[in-house]
Amino acid sequence: MIFFAAASAADTIKKLPPQTWLKIGLAVLAFIAAIIVLRRVFKMNKLIMGVVVFVGGSVLFFSWVYNRSEPAFMTPIIEKVAPFFPSAGSYANKQQVAPKP
């Protein structure tokens, strides 16, 4: 009796809004694109791949430090490193201080 009361999977799928289908389609396309990119990366020269990963990671890390937009798990590390680098609001804060005679 319980099986007849539950909605079938087809009924549930029919009730999904079009935005959900768009998000699912984009996720599938992103997954396929990632597989294609990874296959090409594995054929690449390892030194060049290492340099590209290092530069990309550095840009991402310093962007997090400058904008303070890091993920929550990186906050303890960024908190210790951030005082040594400029931040997005540091210039404006220095300009508001009255000059010393």
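Remember, it's a predicted structure, so these values are computed and weren't measured experimentally. (Residues numbered from 1 in each chain as written. Predicted model: local features only at pLDDT ≥ 70, side-chain atom pairs only at ≥ 80, totals over all residues. Heavy atoms only, no water.)

(A) Quick peek at the overall build of the chain. When helices and strands are tallied, the chain shows six helices and zero strands. Across the chain, helices and strands are ordered from the amino to the carboxyl terminus as α-α-α-α-α-α. Residue burial in the chain is summarised as follows: out of 101 residues, 6% are buried. Taken as a whole, the chain presents about 9100 Å² of accessible surface, with 74% of it coming from carbon and sulfur. (Helix = DSSP H or I, 4+ residues; strand = E, 2+ residues; numbered from the N terminus. Buried < 20%, exposed > 50% of the residue type's maximum accessible area, 1.4 Å probe, protein only. Areas by Shrake-Rupley, 256 points an atom, 1.4 Å probe, with all protein chains shown as cover.)

(B) Quick peek at the packing of aromatic side chains. For the structure on display, the rule yields two aromatic pairs. Geometrically, the ring pair formed by F61 and F62 is edge-to-face, given 5.6 Å between the ring centres and 75 degrees between the ring planes. Each residue in the set F61, F62 and F85 is aromatic and connected to the rest through ring pairs, giving one cluster. (Phe/Tyr/Trp six-rings, centres within 6.5 Å; stacked < 30°, edge-to-face > 60°.)

(C) Focus on a nonpolar patch on the surface. Judged by side-chain polarity, I13, L16, W21, I24, V28, F31, I32, I35 and I36 come together as a nonpolar surface patch covering roughly 800 Å² of accessible area. It is helix α3 (residues 18-42) that provides the largest number of residues to the nonpolar patch, a total of seven residues. On the secondary structure map, I13 appears in helix α2 (residues 9-14). The exposure class of I13 is partly exposed, given its relative accessible area of 44%. (Patch = residues over 30% accessible without salt bridge, like charges linked within 9 Å, V, L, I, M, F, W, Y side chains within 5 Å. Salt bridge = Lys/Arg side-chain N within 4 Å of Asp/Glu carboxyl O.)

(D) Layout of the confidence of the model for the chain. Of all residues in the chain, 82% attain a pLDDT of 70 or more, and the chain-wide mean is 83. By mean pLDDT, helix α1 (residues 2-5) is the weakest element of the chain at 53, and α3 is the strongest at 91. (pLDDT = per-residue confidence, 0-100.)

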